[in-house]
Each structure stands twice: as C-alpha cells, then as structure tokens.
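In case you want the letters, here they are:
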Amino acid sequence: MSAISQTASFLPWLRGGREQRLRASRDQWLLRLTAAFIILYLGITLVGPLLSMLLQSVVDTQGNYVGLKNFYQYLGTRSLRQSFLNTMAVGGLVTGIVLILAFTFAYGLTRTCLPAKGLFKVLGMLPILAPSMLPAISLIYLFGNQGVIRELLFDNSVYGLPGIVIGLVFWTFPHAVLMLTTALGNADARLYEAARVLKLSPLQTFFTVTLPSAKYGLISTASVIFTLAVTDFGVAKVVGGQYSVLATDMFKQVVGQQNFTMGAVTSVLLLLPAIIAFAVDAFMQRRQVSLFSSRSVIYKPKPHQTRDALFLLLCAVIALPIVVIIGMAIYGSLVTFWPWNMALGLNSYNFATFNPQGWAPYLNSLKMAGVAAALGSLLVLISAYVVEKQPQGSWVKPVIQGMAMIPMAVPGLVLGLGYIFFFNNPDNPLAGLYGTLTILVLSTVAHYYTVGHLTAVTTLKKVPPDIEAVAASLKIPHHKVFWRVTLPVSLPALLDIAIYLFVNALTTTSAAVFLYVPDTMLASIAVLNMEDAGFHGPASAMGVLILLTAATVKLLWMGVGQNLLRRTQGWR
Amino acid sequence: MKPFLSLENLNKQFGQFAALNDISMTIEKGEFICFLGPSGCGKTTLLRMIAGLESCEQGQIWQNGANITHLPPEKRDFGIVFQSYALFPNLTVFENIAIGLRQQRASKVAIEQQVNHWLETIGLPEIGDKFPGQLSGGQQQRVALARALILSPGLLLLDEPLSALDAKVRIHLRETIRTLQKQLGITTIMVTHDQEEAMAMADRIVVMNHGVVEQIGTPQAIYQQPASRFVAGFIGVMNFLDLAGGKKGGKKGQPHIIGVRPEDIHLTASAAGSADSLQIPVRIERTEFQGPLLRVECQLIDCSSTLRADIPIHQVTTANLTPGTETCVWIEHRRMQHFRQEEAV
Ligand SMILES: Nc1ncnc2c1ncn2[C@@H]1O[C@H](COP(=O)(O)OP(=O)(O)OP(=O)(O)O)[C@@H](O)[C@H]1O
Ligand SMILES: [Mg+2]
C-alpha cells in the first residue's frame, strides 16, 4: 500500500499534472457565457438604473455629494410629509378591504360548491386586464360632479381618498384572489376529516385548520397588495383630487418641475414601504413549513345548501361592483359627449380628434407588448435554466436569483426614473436607446421579471435533473438537450409567462410615463394624457380597448393555445 | 496486462468537508464491481468522478490506458443509469433509445434495427411508441439501460438503479442486468447501499465508509474475512465480544474484540469442550422463529454482552431453549475474527 502511494505521489508530476480542474467542455463554456450575458443584461436594465437613482438622491442639483440633506429637506416640508402619511393610509385601507373581500371570494371559489364558479372566476380576473386609470375614470362617471349615481355619496366628493381607495381595491382585487385561491386550494382533506372525527364545530375547524394553513398565503397577499397600492400612480392621478400621495408627488416633481433630485428622494421613500413589505413576507415565508405534502389528499368541497347559497350571495355582491365599474367605462366610451350629448356612437374611438397621435399609441402598445412577451419569456426561461444548471456552490446562482427578485420590491415609477438617470446620461454608450420603443420593452421586462422567473424555476424543477449527465454520456451537447427536451417540456409555462408579460405591458403606465416620447407613446399613456386634457370619453375608450385586447389574448390562449398544447404535449 | 480502469489516490473536498479520502483501486475488463456503503459515504461522488460529472482536484483516473482525469464527460467512454431513470419525458421510448445513434448520424435503417434489437433484448418489444410517463418504474429503468448501452460503451455506470423499484421487480431486473453484463462482457460499476444486492451481483465489492475504502474483495472474502470491524458489522450479522485482556480469546496481549457470525455459534447442554473451541456460559433471553432457523438471543453470564446465535431448525431441541435457561455456547476458534480494540465504533 505504502509503496503504491509513494509511486503515485510523484506520478502526477511525471505526467505533467499541472491542470487541477476538470477541463471545461464547450457546454460549460456556453453555460458560463450565457450566465455572463444574463448578469450583464440584468445589470444594465435593472441594477444600473436603480443604483443611479439611489446615487441621485444623495447629491444636490450641481451633483455634489450632500448625504441625507435632501431627505431632511423633504421631511421638513409639511406637504410632503403629509403625502407620505396619505400614502400609508391608502396602503393600509386598500390592503385591509381587499384581504376581506378577496378571502371571501377565494373561499367561495375553493371551499364551496357555489354555482357558476367559472363565471365568478372570470369576473374576478377582469380588473387585472385593465390599466388602473380605467376604474378611476369609471368612478368619475359614476360619482363625479355629473355622475349617474352621485347621490349615493350624500354630497361627499369621490375625488380624494374615497376614489383612490375604491379604484385601487377594484384594481388589486384579482391579484389577491389569485394568490388566495392558491393558498386555499392546497388544503389537506385529511386534516378536515380529523377535525370531524374530533367533533370540532365548523367555526372551530375554520380557526384551527383553515386559517392556519392559509396564514402565510394571507401574509404574502397583504404584502403584495400593500406594495401595489402605495406604488400605483394611475388611480391617484385621475381621481386623487387634492389628496396627494407619493406616486403623484413624484410625477409632479419629475414631469412638472423637472426636479430630478427630489424625484429621486421620493423614489427612495416609495421604495422603503415596498422593501419592508417584501422583507416581512420573505421572513415569514422562511418560517413556513408546508402543511401540504405529497402524501396529502386534496380537499374537495361537498354540496351544502345554506353555505353554498350564502357564498353565492356574497360573491355576487363582491362581483357586482366589478361589472358596474367595467360596464360604466364601456358605456361612457360609447356616449358621444357626456353629459350634453348622450347619444351612443363610436365618436370617442376616433382618437385623432383628441390626440395628435391618433391610433398610433395603441399600435405602439401592441408592438411593445408583443416584443416584451416574446423576448422576456425566452430570457426568463434561459436565465432560470442557467440558475438551475449551475454547479453547487457557484456564486452565479445567488447573484442571478437575487437580481431576479429585486423587481418585486421596485415600483415601476422608481424604475422608470432610474432609467432616466442611467440611459439619459451622455457618458452611457447605450444613451441612444433613450426615446425608443426598445427602452420601453427593456423597462417592462425588468419591471415584471420576478413572477416570470419564479414560474420558470418551478417548471424547470420538474425536468428530470440528471438528463444533462445522460446526454453527456451519449455525446449530445447540452444546447441540443435544451431545444429538444427542456424547452418543449417548459412550453406551457413559457406561454403563460409570455401572456403575463403581454397583458402587463399593455396595461402598465408607471415606468413608461417617464420614458415615452410622442413617437413611442403607449395606449395606457394616451389614456392618461387624454384624461388629463379633459377627454373622459376617449380616455375611457382607449382603456376599454386595452381591456378588450388583453381579454382577447387571454381567451385565445385559453382556447387555441390549450388546444395546441394538447397536441404537442401528448406525453403528459 | 494493464487494468481497464484504475483510480489513483483520489480525493474530493466539498468546502471543508472531505467527501473522498485517498481512494485507489484497479478494475479489470469485464468485471462487475459494486460500491457498497452507508448513506453519505461518497459512493455517488466517486461514481460521478469516474464519469467526469464531478471535477477531480487530486489523484488520477486511467481508463483503457489513457489518463481521463480531466476529460469532460462527453469525451469519456461510458453509459450511465440513474435511480431516477432520467428519461427524456417528451420523447417516445424509441426516440429515447435512438437519440444517441441519431447524434452519431447513424442511418435510418441502422437506427431502426438497433433500437428494435434493444427493445427485444430488454424484453419490451411493444413499447416503442409509448412515452416514459406511461410505463412502470421497472420498464422505465429497462429503457434507461438500453439507452445507456446502445452506443456500446466500454464502461457502464449504475447509480442505485434498483432502489426506486419494489422488491419483486428489483430481483428480476437484477438478473437482467447481470445476464446482459456477462453477455456483453462490459465492465460495470454499480452503486448500492443494499448489501444483499451487492453480494448477489458483484464479482468484487468495494466497501466504503466516511469517504474511505474499507475493503475490496469478492463477496465471499468480504463476508468471511472482513478487514475491519466496520465491514464485519455492515455485511451480514456479526456478534462482537469484548473479551478484555484476551483471557479467553486465543491471542494474548493487546486488548481486542472478537467477531462471530450467528451461524457459527453452537448450543450445547453439557460443558464438554475441546481444545479448538471456546465455551461460554450464557442465559437464554429470547428466541425468534425465522423459518429455516431459530434465532436465539442470549446473555453472557459473566459480562453484559449479548449474543445472537442461529440454530438450524432441525437441530433445535425445544426443551433447553425456554427464556431464563442457563446453558453453554461453543465457538470454534477458527471461526472467530479478531479486531483491534481501537477500531471500536
Ligand atoms: N456538491 C456537493 N456539495 C457539498 N457536499 C456534497 C456534494 N455532493 C455530495 N456532498 C456530500 O458528500 C457526501 C457524500 O455524498 P454522496 O452523494 O457521494 O453519498 P452516497 O454514498 O452516494 O450516499 P447515498 O447512499 O445517500 O446516495 C455527503 O455527505 C454529501 O452531503
Ligand atoms: Mg448516492
């Protein structure tokens, strides 16, 4: 033994054992190159802009470092301090109301045998397909100075806190329903059987089984809704009146006063609550132990007359305002000239009369959303693939994953302002992108990166982990396995991500509002501008157009897409 | 003749943790080798190093006269089968098996003929058009085996290929693998933590523990002459007697431990001993019927250790085996294994 090891110990020297690591194959080089590209890409479209925004908040207008002076100045201004408090109030109210409504709605969808579930599901999702200005415009039609049912408010004005809260509740409701149906849908039937055997009352069962298992879902939902509510800009812009919030402040500072430094300071303040909500959620998620294992049996509700009738009533009451708000927007868009000429017609859809760009913003939106969906979904899948295929202990994995999580906590307005600082800088070789449709695509993909990334990672985990090893033994290069196996297997998720990106790209205003030029104006921005100019009808019409487009794409996907998948995914 | 595969002083670190420590061995052409050891001892890591799926910072790997230590996996010559099957889920069984040939740009006719031949060989001629998800675990593993063998690699690597299957299928597939391996004469390394599987299949077994090789030998050698107390305890059942000071154990001097297999312990009513055997007075604690034999657990009277003895059922005279009975056991000296004290775990 010792003789062997002695011989062996100088053998490496004899054989020229200078190379200590496994010689990297072409596959590994390709993987590294792709990882480098993804890191560079996220660095340019996400981290760079954010850093320049942060930097801007600690310098004065001449560009000298002034520490936290800007923040003191900001907080010393009474009106601005008030905006911060207002924003928190909006966030708190919206989160509370939406949680109660959405939990009831999701409970009805998952835990009862409520009739017409499919219809309720669709109605619950509708608001997600519209830009956030649409419910606000609709509220003005309903409760504004010439509103059809303004009597319901007893002389109170809809402008201000009430309008903002109602509009945001409407607009964030689908997000909460989506998350809570998932949280409530994964119930373990065994737990309910155990509760029955122990003779727990329905109420006791609710508090000992249902609520604990949905606890983390509720916390996540609260954090997402709060972030959406404090960072949204469209609703407050349209129906906010004198009630100022951070998002509208920031818009005024940047677009109105061209005070970029104060804009950056507001950005940081806007970033804070979002980051706190995100951190709380992340912290709670880590403590979550899944109550639902692969051994669990999924809970299926059995018919129960009184319960089902009660939830039919509740869900109908919740869904009614959705129908009214959307119906009102559509009706408003068809009225020739509110309130003087109530004849119906398509006058408002003749955009050229109200806006020099005419229909161009709509076409721009389609183009931008299409490119963002195609490029974004592929990019997200490739980056998730790179993350999954990293060898254990590689630093690339946490870096990409960390970057992919950032957008979750970054409001669109903040990202948009960051883009101004980063790309509108003459020293940046990419400054040429400023004012193009490309920069709108880049900001949209970056803004909605997180959800896509998480979806892609979940899907890739379902692909057998050792197929690359097998492929290597069969001398098949990894990229070929990617195209031949990984991509087809992930196709449904890829299309889901594409649709998600498309719909969000159509409806988003936040980042784009700082980045468009007249030639690249988007439909959602046109809604805002026409509304601002007092053209409620045309603004409503453009909003309805966005809603219809998004709905059509969703429907097409559900019909044609699923059909197509059924044919190509025969192996499932 | 040079060995087909030789591993020379391999080490593997994962950060601070040494997963493999100075592993050396040689494997001849056509041999069936099993890596056997408890969970986490580094079997998979060693197999993956041989495949090039894990880098090798220290030591060398030679295959077929060439130094392959730093070659990437696709430049090496092996086929591999995993516990998880790792079939391409969206390709048919036929395509799964054919994909390697397609990559080699084999002709259509050749592919057709080869794949059908292999489907025949694994006993599943009808399933070419099915998808992996439509097959049972055992069938999927057969397909994975065919896929690994179709390019006629020089080395077949199997990482617990049978662990996910149920007992019957396991034994059946075990035979399939062994027959195929003999037919093709392909050098094979199989990782397992099931000693019975290793004993039944291997030409030689490599017993590993905590990243080191404890012993390499034929199943018989490992069972009959375990090189360490760990091997003795890991393979089959072994009684360990701590006869301090060696008063009764043959060798005098250094304190050591004696190991005896249960089947080498005999019960006797009378204390009539002989020079070539050791007699120990015991008290019967418990008996357990095990079909062909009776397992008797007894307590040594002059110290606290217990012994397990297997008595062939036709030698059992029930009278003297009721719990509490005091009696004697005898063990032939040549059946005793001696282990040094400090090896005690
Ligand atoms: N990439 C890695 N990074 C860090 N530690 C690792 C890595 N791969 C394996 N290990 C550790 O090395 C040790 C040996 O792992 P290995 O998978 O080789 O064990 P094994 O003998 O195959 O066990 P099992 O029977 O459970 O499959 C384990 O303790 C494991 O945790
Ligand atoms: Mg293993």
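Residues numbered from 1 in each chain as written. Chains lettered and ligands numbered in written order. Predicted model: local features only at pLDDT ≥ 70, side-chain atom pairs only at ≥ 80, totals over all residues. Heavy atoms only, no water.

Colleague: Give me the overall build of chain A: which residues, what numbers.
Modeller: Helix and strand content of chain A: 23 helices and 2 strands. A compact globule built from 572 residues should have a C-alpha radius of gyration of about 25 Å, and chain A, at 27 Å, falls within 12% of that. If you line up chain A on its principal axes, its C-alpha atoms span 105 × 75 × 50 Å. Taking all 572 residues of chain A together, 52% fall into the buried category. (Helix = DSSP H or I, 4+ residues; strand = E, 2+ residues; numbered from the N terminus. Rg over C-alpha atoms; globule rule 2.2 N^0.38 Å. Buried < 20%, exposed > 50% of the residue type's maximum accessible area, 1.4 Å probe, protein only.)

Colleague: Just give me the short version of the interface of chain A and chain B, but keep the residues and values in it.
Modeller: Residue-level contacts link 33 residues of chain A with 40 residues of chain B. Buried area between chain A and chain B, summed over both chains or domains, comes out near 3200 Å², and the portion from carbon and sulfur atoms is 61%. Applying the counting rule to chain A against chain B returns 1 salt bridge. Between chain A and chain B we count 4 residue pairs in polar contact (both at pLDDT 80 or more) in total. Every element with two or more residues in the side of chain A that touches chain B is listed here: α1 (2-14), α2 (26-56), α19 (467-473) and α20 (478-507) of chain A. It is α20(A) that contributes the most residues to the side of chain A that touches chain B, 6 residues altogether. (Contact = heavy atoms within 4.5 Å. Buried area = accessible area lost by both parts, 1.4 Å probe. Salt bridge = Lys/Arg side-chain N within 4 Å of Asp/Glu carboxyl O. Polar contact = N/O pair within 3.5 Å; in protein donor to acceptor, adjacent residues only side chain to side chain.)

Colleague: Give me the lowdown on the environment of Phe94(B), citing residues and values where you can.
Modeller: Residue and element names in this part refer to chain B. Note on placement: Phe94 falls in helix α2 (residues 93-103). In this structure, the C-alpha to C-alpha distance between Phe94 and Val143, residues 49 residues apart in sequence, is 9.0 Å. With near-sequence residues (within four places) excluded, Phe94 lies in contact with Arg102, Ile111, Glu112, Val115, Asn116 and Gly128.

Colleague: Go over the site of ligand 1 with me, naming the residues and quoting the values.
Modeller: Close to ligand 1 lie 13 residues, the nearest being Gln392(A), Ser39(B), Gly40(B), Thr44(B) and Thr45(B). The local environment of ligand 1 is shared, drawing residues from chains A and B. Contacts to ligand 1 include Gly40(B), whose backbone N or O atom sits 2.7 Å from an oxygen atom. At 2.5 Å, a side-chain N or O of Thr44(B) approaches an oxygen atom of ligand 1. A total of 630 Å² of accessible area belongs to ligand 1 in isolation, and the protein chains cover 65% of it. (Near = heavy atom within 4 Å. Areas by Shrake-Rupley, 256 points an atom, 1.4 Å probe, with all protein chains shown as cover.)

Colleague: Now, about the domain arrangement of chain B: what can you tell me, with residues and values included?
Modeller: Residues and elements named next belong to chain B. As far as domains go, chain B holds domain 1 (5-234) and domain 2 (257-340). Across the boundary between the two partners, domain 1 contributes 8 residues, which contact 5 residues of domain 2. When the two sides are added together, the surface that domain 1 and domain 2 hide from each other amounts to roughly 580 Å², 47% of it contributed by carbon and sulfur. For the domain 1 face of the interface with domain 2, the top three residues by lost area are Tyr223, Arg229 and Ala232, together amounting to 71%. Linking domain 1 with domain 2 are 3 residue pairs in polar contact (both at pLDDT 80 or more). Elements with a minimum of two residues in the side of domain 1 that touches domain 2: α7 (219-224) and α8 (229-234). For the side of domain 1 that touches domain 2, the leading source of residues is α7, giving 3 residues. (Domains from an automatic or database assignment.)

Colleague: Lay out the pairing of strand β2 (residues 341-344) of chain A in plain terms, naming residues and giving numbers.
Modeller: Taken together, the 2 bridges between strand β1 (residues 335-337) of chain A and β2(A) define a ladder with antiparallel strand orientation. Across the sheet, Phe337(A) pairs through a bridge with Asn341(A), a residue of β2(A). (Pairing = 2+ DSSP bridges.)

Colleague: Before we move on, could you go through the sheet that holds strand β2 (residues 17-27) of chain B and cite the residues and values that matter?
Modeller: Residues and elements named next belong to chain B. With antiparallel pairing, the 4 strands of this open sheet are ordered in space as β2-β1-β4-β5. Of all the strands in the sheet, just β2 and β5 (66-67) have a single pairing partner and so form its edges. Where strand β1 (residues 5-14) lies against β2, 7 bridges are found, and the strand directions are antiparallel. Pairing of Gln13 across the sheet is with Ala18, part of β2.

Colleague: Requested: an account of the sheet that holds strand β14 (residues 277-289) of chain B, with residues and values cited.
Modeller: Residues and elements named next belong to chain B. On the basis of which strands lie adjacent, the open sheet formed by 5 strands has the order β13-β17-β14-β15-β16 and antiparallel pairing. A single partner strand is all that each edge strand has here, and the edge strands are β13 (265-268) and β16 (306-312). Along the sheet, successive strands turn relative to each other by an average axial angle of 45°, direction set aside. (Axes fitted to C-alpha atoms, helices over the stretch in contact; angles between N-to-C directions.)

Colleague: Provide a residue-level description of the nonpolar core, including the pertinent values.
Modeller: In this structure, Phe514(A), Phe35(B) and Ile189(B) are the most contacted members of the largest nonpolar core, which totals 204 residues. Sort the elements by how many residues they give to this core and α20(A) lands first, with 14 residues. Excluding anything up to four places from it in sequence, Ile189(B) contacts Leu5(B), Ile27(B), Ile33(B), Phe35(B), Leu47(B), Ile50(B), Leu155(B), Leu156(B), Leu157(B) and Leu158(B). Formed by 45 residues, the second largest nonpolar core is a distinct cluster that contains Tyr85(B), Val115(B), Trp118(B) and Ile205(B). (Core = buried A, V, L, I, M, F, W, Y, C linked by side-chain atoms within 4.5 Å.)

Colleague: Account for the packing of aromatic side chains, naming residues and giving values.
Modeller: This model, assessed by the stated rule, comprises 22 aromatic pairs over all chains. Where Phe105(A) meets Phe120(A), the ring centres are 6.1 Å apart and the plane angle is 80°; that geometry is what we call edge-to-face. Here Phe105(A), found in helix α4 (residues 78-111), pairs with Phe120(A), found in helix α5 (residues 117-125); they are 15 residues apart in sequence, far enough to count as distant. For the residue pair Phe105(A) and Phe120(A), the accessibility class agrees, reading buried in each case. Look at Phe482(A) and Trp483(A): their rings are 5.4 Å apart centre to centre, the planes differ by 80°, and that puts the pair in the edge-to-face class. Grouped by ring-pair contacts, the aromatic residues Phe103(A), Tyr107(A), Phe206(A), Phe207(A) and Phe311(A) constitute a single cluster. The ring centre of Phe240(B) lies 4.1 Å from the NZ or CZ of Arg229(B), which sits over that ring. (Phe/Tyr/Trp six-rings, centres within 6.5 Å; stacked < 30°, edge-to-face > 60°. Lys NZ or Arg CZ within 6 Å of the ring centre and 35° of its normal.)

Colleague: Could you give an account of the side chain of Ser394(A), naming the residues involved and the relevant values?
Modeller: Residues and elements named next belong to chain A. If you trace the backbone, Ser394 turns up in the loop between α14 (360-389) and α15 (396-409). We classify Ser394 as buried; its relative accessible area is 17%. A polar atom in the side chain of Ser394 sits 3.1 Å from the side chain of Gln390. Engagement of the side chain of Ser394 in a polar contact is seen with the backbone nitrogen of Val396, the distance being 3.0 Å.

Colleague: Give a detailed account of the confidence of the model for chain A, specifying residues and quantitative values.
Modeller: All names here are of chain A. Residues with a pLDDT of 70 or more make up 94% of chain A, whose mean pLDDT is 87. Considering each helix and strand of chain A separately, the mean pLDDT is smallest for α1, with a value of 39, and largest for helix α17 (residues 437-447), with 96. In this model, residues 1-21 is a region of pLDDT below 50 whose contacts with residues beyond four sequence positions or in other chains number 15 contacts. (pLDDT = per-residue confidence, 0-100.)

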